[in-house]
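A closer look at the structure
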Amino acid sequence: MPYTYRCKDYPGMEACPGSFTAENAEEVMKHVELHARSAHGEDPGQWSQEDRKQLQAMMIVS
């Protein structure tokens with residue numbers, strides 16, 4: 001069952017058009033990390049466990 005994450009759903013990222021769909025949540029998270037690094041200049045290695053849990057909770061089963 002595919003999972004989808006939309007960057008615009010994250011607080012403060014409403015203008016971002018990034019959207020990622022993959023077969024599982026782990027694969028989506030890899031895309032989210034690459035996107036955060038390249039589009040937003042973030043270092044996913046600095047994300048807390050709470051940040052990661054929030055991102056995972058925002059994924060929808062599509």
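See above for the structure.
Residues numbered from 1 in each chain as written. Predicted model: local features only at pLDDT ≥ 70, side-chain atom pairs only at ≥ 80, totals over all residues. Heavy atoms only, no water.

**Some words on the overall build of the protein**
Helix and strand content of the protein: two helices and three strands. Here the C-alpha atoms of the protein give a radius of gyration of 11 Å, agreeing with the 11 Å that 2.2 N^0.38 yields for 62 residues. Referenced to the eigenvectors of the C-alpha coordinate spread, the extents of the protein come out at roughly 30 × 25 × 20 Å. Across the 62 residues that make up the protein, the buried fraction comes to 29%. In the protein, 44% of the contacts between residues at least 6 apart in sequence involve partners at least 24 apart. With an accessible surface of roughly 4100 Å², the protein has 52% of that area assigned to carbon and sulfur atoms. The protein carries 6 positive and 10 negative side-chain charges, and their two centres are separated by 1 Å. (Helix = DSSP H or I, 4+ residues; strand = E, 2+ residues; numbered from the N terminus. Rg over C-alpha atoms; globule rule 2.2 N^0.38 Å. Buried < 20%, exposed > 50% of the residue type's maximum accessible area, 1.4 Å probe, protein only. Contact = heavy atoms within 4.5 Å. Areas by Shrake-Rupley, 256 points an atom, 1.4 Å probe, with all protein chains shown as cover. Lys, Arg positive; Asp, Glu negative; His and termini not counted. Charge placed at Lys NZ, Arg CZ, Asp CG, Glu CD.)

**Side note on the pairing of strand β2 (residues 19-22)**
Within a regular strand, the side chains alternate between the two sheet faces. Burial along β2 is one-sided: F20 and A22 are buried, while S19 and T21, pointing the other way, are not. As paired elements, strand β1 (residues 3-6) and β2 share four bridges and run antiparallel to each other. Note on β2: the bridge partner recorded for Y5 is F20. (Pairing = 2+ DSSP bridges.)

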